[in-house]
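Architecture at a glance
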Amino acid sequence: MRKILRAGFLCALLFSHNLPAASYTVQKGETLYQIAKSQSTSVEALTKANPTINPRRLHPGDVLRLPSSPTPPPNSDPTPSTPAKTSPSPIAQTQPTPPTEWVRIKKGDSLAKIARENNLTIKDLQRWNRLSGDSLRSGDLLRLRPPPSYPSKTLPTSSPSSPKPATRELIFIEPARAQIDAPKDRLRDWEYIVVHHSGTSGGNAKIFDYFHRQTRGMENGMAYHFVIGNGSDSGDGQIEVGSRWLQQKQGGHLASESLNEIAIGICLVGDFSTHRLGPRQTASLIELVQYLRKLKPDSKLKFRLHREINTKPTECPGKLFPSSAIHEILD
Ligand SMILES: [Zn+2]
């Protein structure tokens, strides 16, 4: 009886919100995964549609709302909850929201399988993820929605007609300046600035924060202190400031804990083992490193690529990263 009441209550709750219909009553012994599969949806979509449920504690009789349309029409706003579109506030204390528009590729996954599981076409997945073939690397993030477009007008343009070279110098710092400056008076004794690439085609601070918490179990969230976007999920060259910088916490981006204590981590979104670093990200990286050095003039922050400092072999930030050109400017 209680179960029925509860189901009824949930139903009432659901319909009072005027939701578009479809619901599913949990049967004995069913898991969210089984339900997702039988209803041609994904666990992520179900969790999103039923934010109050605990996926590990489903009760027979519980009524779940079924996601009405797993695939948004191409012209609708693809990702209403896209982090970068919300306020540029620090990702610090915000509860991580699962970016349901992404999946982490597991061993044995194929584009066809992921497309099938998410009611998508292989073509769309390829387009949204800038994939030319169908090979996937486990561990990578795959986008399940069309990428939002970030017109460059959201950032100051580097138009050559701009008459003020002094301010042009800081076009990428300026929007993030208050956050970069925030811990100015209590900076750690940083010795290095280490640059990484995300190894993914897209992403932003909030997305990395979510995955580092969820899949790597990092309680301090995103392993890097800064993220420089590539126009996929944040602006091209846009600097995002992580909570580890705001709170002056050690990084989580190097294999050695003692190096993490003294190394600021900057992540360039992109995979520079297959793509070239663009001009806006390059300019932004240079601006950021130079600005950080000015914040702490008495210390000479040394600039390193991840592969030059890590205690374990890595190719990061990718073999196409313009290593000598950047070193020439920043050493
Ligand atoms: Zn790295």
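Before reading on, note that the structure itself is shown above.
A brief look at the structure comes next. The model shown is predicted, which means the values in this text are computed figures rather than measured ones.

1. Some words on the sheet that holds strand E5 (residues 192–197)
Ordered by their spatial adjacency, five strands build an open sheet running E7-E6-E8-E5-E9, and the pairing between neighbours is mixed. The strands lining the two open edges of the sheet, one partner per strand, are strand E7 (236–241) and strand E9 (302–305). Pairwise comparison of adjacent strand axes, ignoring direction, gives a mean angle of 20° for this sheet. Here six bridges tie E5 to strand E8 (residues 263–268), and the two strands are oriented parallel to one another. Residue pairing for E8: Ile-193 is matched across the bridge by Ile-264. Lying on the sheet, helix H11 (residues 279–295) is in contact with E5, strand E6 (226–230), E7, E8 and E9; it crosses E6 at an angle near 160°.

2. Comments concerning the side chain of His-327
Assignment of secondary structure puts His-327 in helix H13 (residues 323–330). Those residues in contact with His-327 that sit more than four places away from it in its chain are Phe-303, Leu-305 and Glu-308.

3. Examining H13
Among the residues of H13, Ser-323, Ile-326, His-327 and Leu-330 are the ones counted as buried. Down the axis of H13, the buried side of the element spans an arc of 100°, and every buried residue falls inside it. Away from the buried face of H13 by more than 90 degrees, exposed residues Ser-324 and Glu-328 are located. Elements that come into contact with the buried residues of H13 comprise H11, E9 and helix H12 (306–309).

Definitions and cut-offs
- Residues numbered from 1 in each chain as written.
- Predicted model: local features only at pLDDT ≥ 70, side-chain atom pairs only at ≥ 80, totals over all residues.
- Heavy atoms only, no water.
- Pairing = 2+ DSSP bridges.
- Helix = DSSP H or I, 4+ residues; strand = E, 2+ residues; numbered from the N terminus.
- Axes fitted to C-alpha atoms, helices over the stretch in contact; angles between N-to-C directions.
- Contact = heavy atoms within 4.5 Å.
- Buried < 20%, exposed > 50% of the residue type's maximum accessible area, 1.4 Å probe, protein only.
- Arc of directions from axis to C-beta.

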